[in-house]
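Next come the chains, spelled out residue by residue.
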Amino acid sequence: MRWLKSTIIGTVLSALTASAALAGSCAAERAEALVPTDLALCKSLAGDIRNPGGFPLDVYEDKLNRFVGGYCHRDADAGWERDKFVRDTGPFTAVFSEGSWQGSYHGTHTPVVIWYSPEMVDWLVTNRGATPTAPEATPEVPKGAIMIKEMFPSPAADCAGIDPLHLFPTSGAAVMVRDPAASFDGWFWGWYGFAPDSWAPDWPAGASNSIPNMGFAQYCMNCHASAENNLTFATPDNIEGHPGQPRAYLSQNFFTPTPAPVHHEAVHAPDGALQLTKPHDKADNAVINDLRAYAQELASPDTKHVMPSQTYDNTWVAAGGPTAADTFLTSSQCLGCHDAGSTGLQFDMTQPNPHGDDLTNLSPYATWRTSPMGLAGRDPFFFAQLASEMQSFHPESRDLVQTTCLGCHGIAGERQFNIDTVAAGDACAPFPRSALNTLPWAETGDGPDFAKYAMLARDGITCTACHRIAMGDRATAAQADAPENACVSERQELLNPGATGFARTFTGSFLVGPPDSLIGPFKAPKTKPMQNAMGIKPDYHETVTSSEICGSCHTVHLPVLNKGKTLGYVYEQTTYPEWAFSAYRTGVSPDGPLPSGPGANPTSCQSCHMPSRDADGVPYKSKIASIQEFSNFPAADHPLPPEDIDLAVRDGFAQHTLVGLNIFLIEVAQQFSDILGIPTSDPMLGSKATDPLLRTEQAMVDQARLHTADLAISDVAITDGQLNATVTVTNKAGHKFPSGVGFRRAFVEFSVLDDKGAVLWQSGRTNAAGALVDADAKPLDGEYWWKDDCSARLAPESRLHQPHYATVTSQSQAQIYQELVSTPGSAAAVCGPTSTPSGHLTTSFLSICSTIKDNRILPHGYLPLAERQTIAAAFGAGKDLALESGSFAVDGDPAYEQGGFDSVSYAIDRTEFEGTPASVQAKLYYQATPPFYLQDRFCTAKGPDTERLYDMVGRLNLDDTPAEGWKLQVAGTATMAVQ
């Protein structure tokens, strides 16, 4: 053992000696000084770069590029001063592993030299010098003060002793320019790359649609908001010629390390379009043919109607705020702290990926951003639906259609538009679809005045939409009259006339709280960082954990329109009431207890759709943000005390997955991120993490397979020349299956197999587009609504469809769980849950007059009608809510009395197939966008939104994905032998 120990020590010492001989090389050193060569240019730009709020971002970035790229800040004659030398921002440690030394840098930035404008130096000397001002009395940094933080290879000791004028900023520079009139935080932030192709301005946006390089209220605040004041840790101790010494950190630089990835460079990597699963280069003719909608031609490659890049979607709290004008903000204001890994040092809100060697990002931002909620403002299916509503279904009511639909899918834009409109003295106004095309700094779309609202609307159901909801004791009469709730009462009267209480908020018509507060589920949150960054106080409020916060939007009450007239009101979506009438209800609401009390298995919406426990039921534990803390970061100058910024690990950390089963949207987002204007990689964790769209896809697969439904076959036998079997579908969800918008559907595929597994007989087979067909590939009744050329409807008066089956006897029959609705037959039609159908089948949300069929499987413990009506009344709704949450055209099937399951029998005459049956098998599939729905989109609208969807549907590559064949398998059985 003594010999072995000596050998190891000798080997290590030899390695130390060899490595030390190589240490000290500075990759940033240049023979010539890098100093300004065009002083006239520098002088001409000096005033403009001190005024970032005075120019559009593209103009200002050009000026800053010429100034910093020309090294104009390295001009002592103009009053600029710099750090004493290249300094570390954290320790550099060495580990001997696998025969070589490996180094790790643990700084908040790579080694730096900061250059300070004269204004910045004066402020630092006055307020943080030998006789510093008390932090609470420190004045603001003056307008025009600048810090340019040049960054170099780690560790700093490798470049020690070299004149900083001879150092090339290999890792770019972080830029801070003070402009307190432009934003609440008062700084323009940016990252600038000196090397060719390492930096590009944000206009036009790059192909990767990444977060911007520069702008106000950038993610940099996740660290800088922990400073004691003015969002800066700067100290004159670091500046050449001033007293004091920079902080020193451990630096084990006795060897030449492999350069470590730089976090700020990783965040702002050179553009390159990323795609997870590549779409087909050309249209999939099998899918196009089976969609049977030939009215459209695929868009050419140069006319794909690309949506504005997410790079542009950045709003912030204005100077003097937060006021009602700052009620809704883009998620860019949240991602810095609530995305994992944003500091580059701490990796809370993550766990090892069980399917790979990277991390799974569990943070609120990452799990929300690629969910259907996060994609709602860019959802191509929604925009094609909106085009149909405005062009074909209700052209006379375009304003009402846009107000209704964008009030949910583009809620932040629509709400903020009306807040600002009313504040300017104007009346509530429709928010047009065309506004979402508006780009900043350009005279396009509806003009530059709409740019702010376009950003907010494209951001989908964004963070401030949910975390400002006011219910219970927050929803006071005074709050209802507050400016941040401008036009909400008009929306409530438009969509929920006669309703009171909670029912008044249906269809996303909720109130919001004051703009200086955001609510969350954890008590005693640290408040100072968010207040420093945005002037907003994070507050605990139990409302955010209640199902009603979901129910306001997921109970959709709409007018029935006919040629511009309102014939009545119906419930288009009742997901929340379905839960409230089931065994999963909690029996309480923010307004108090509800009739009938809790169900047998009380479970909130968040328990399923925002899981806080893993598959084994173990609570997730994590800090709830990624910020610069006192105790877990390299020491910094002038931080807030630990009690203000050290975060606790919380039990029950909830993911914002918010998924159902619309995996088709996620596949579209993966393959057409360039067209939708979204990134595919996470903005903070980058390559360290699973791509968020893959994470969302996996969450949907898990939701389908683990939490949606079970499938079983029983009573399989051949008797008297007839093969019999029973398939039972058990609903595991806390609402109907399927639920949500009415065109979602599920169906059973039942197969009779021979001893080699070949199909002898099958109900529920599909074609390339997912349409149900018989043994001869002939579409079943109701699978298509239009002639192939879209010239006319197919037997509209017959309302062809597959009924609810107790027994299936033919391959031309299939058990489909769905809701089908029809239009008014005339302007005099009576609409509602007891109406007699007279029109044709429709996918129009605003044309629903009568229900033709609703055999979606009820959740367990569904209450009888009388109890449902009592609860509906407690919500402030009428009896229609209880009626419309029931089932229709199920022909007395007893399963729909108690809820929780459906059983369908298969009775197949032996003459129906050849061969010898050996076994049977069943599978349950889900379709978020069935063929009839897509066909209706392409036959009822034209223009960019429809053409965009047609292009995507035609080229979508679902091979080897969970949605292969345009259907998602939810459950399946093993083969069961035929006795």
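Just so we're clear, the structure is a prediction, and the values are computed from it rather than from any experiment.

What to know about the pairing of strand S15 (residues 555–562)
Piece 1. Counting buried residues in S15 gives eight out of eight residues, a clear majority hidden from the surface.
Piece 2. Relative to strand S16 (residues 565–574), S15 is paired through eight bridges, and the arrangement is antiparallel. Counted as the bridge partner of Asn 562 is Lys 565 from S16.
Piece 3. Here S15 folds back onto S16 in antiparallel fashion, the turn holding two residues, of which Lys 563 has a positive phi close to 50°.

Here we look at the packing of aromatic side chains
Piece 1. Across all of its chains, the model carries 37 aromatic pairs by this definition.
Piece 2. Here the aromatic rings of Phe 502 and Tyr 576 are separated by 5.3 Å at their centres, their planes lie at 75°, and the arrangement is edge-to-face. Here Phe 502 is found in the loop between helix H16 (488–495) and strand S12 (511–512), whereas its partner Tyr 576 is found in helix H19 (residues 575–580), with 74 residues between them in sequence.
Piece 3. Exposure remark for Tyr 576: the relative accessible area of 2% places this residue in the buried category.
Piece 4. Note on Phe 750 and Trp 761: the rings are 6.4 Å apart at their centroids and 70° apart in plane angle, and the pair reads as edge-to-face. Pair noted here: Phe 750 is in strand S23 (residues 745–753) and Trp 761 is in strand S24 (residues 759–763), with a separation of 11 residues, a long-range link.
Piece 5. Grouped by ring-pair contacts, the aromatic residues Phe 502, Phe 506, Tyr 571, Tyr 576, Trp 579 and Phe 875 constitute a single cluster.
Piece 6. Over the ring of Phe 383 we find Arg 433; its NZ or CZ atom is 4.4 Å from the centre of that ring.
Piece 7. Taking NZ or CZ as reference, Arg 937 lies 4.6 Å from the ring centre of Tyr 933, over its face.

Examining the environment of His 409
Piece 1. Within the element layout of this structure, His 409 appears in helix H11 (residues 398–409).
Piece 2. Counting along the chain gives 355 residues from His 409 to Gly 54, while the straight-line C-alpha distance between them is 33 Å.
Piece 3. Not counting the four nearest positions on each side in its chain, His 409 is found in contact with Ala 376, Gly 377, Asp 379, Phe 382, Ala 457, Gly 460 and Ile 461.
Piece 4. For His 409, the side chain forms a polar contact with the main-chain oxygen of Ala 376, separated by 3.0 Å.

A few points about helix H25 (residues 865–875)
Piece 1. Of the residues making up H25, those classed as buried are Arg 868, Ile 871, Ala 872 and Phe 875. All buried residues of H25 lie within an arc of 105° about the axis, which places them on one face of the element.
Piece 2. Where H25 is buried, its residues meet H19 and helix H26 (879–884).
Piece 3. The first or second residue beyond H25 is Gly 876, which carries a positive phi of 95°.

Considering the pairing of strand S5 (residues 146–151)
Each regular strand shows side chains that alternate between the opposite faces of the sheet.
Piece 1. Counted residue by residue, S5 has six buried out of six residues, so it is predominantly covered.
Piece 2. Burial along S5 is two-sided: Ile 146, Ile 148 and Glu 150 and Met 147, Lys 149 and Met 151, pointing in opposite directions, are all buried.
Piece 3. Bridge count for strand S4 (residues 112–116) against S5 is five bridges, and the pairing is antiparallel. In the sheet register, Tyr 116 faces S5, and the bridge partner there is Met 147.
Piece 4. Sheet topology note: the S5/strand S6 (residues 173–178) ladder contains five bridges and is antiparallel. Looking across to S6, one finds that Glu 150 is bridged to Ala 173.

Each value, and the rule that gives it
- Residues numbered from 1 in each chain as written.
- Predicted model: local features only at pLDDT ≥ 70, side-chain atom pairs only at ≥ 80, totals over all residues.
- Heavy atoms only, no water.
- Buried < 20%, exposed > 50% of the residue type's maximum accessible area, 1.4 Å probe, protein only.
- Helix = DSSP H or I, 4+ residues; strand = E, 2+ residues; numbered from the N terminus.
- Pairing = 2+ DSSP bridges.
- Phe/Tyr/Trp six-rings, centres within 6.5 Å; stacked < 30°, edge-to-face > 60°.
- Lys NZ or Arg CZ within 6 Å of the ring centre and 35° of its normal.
- Contact = heavy atoms within 4.5 Å.
- Polar contact = N/O pair within 3.5 Å; in protein donor to acceptor, adjacent residues only side chain to side chain.
- Arc of directions from axis to C-beta.

Keep in mind that these numbers describe shape and distance, not what the molecule does.
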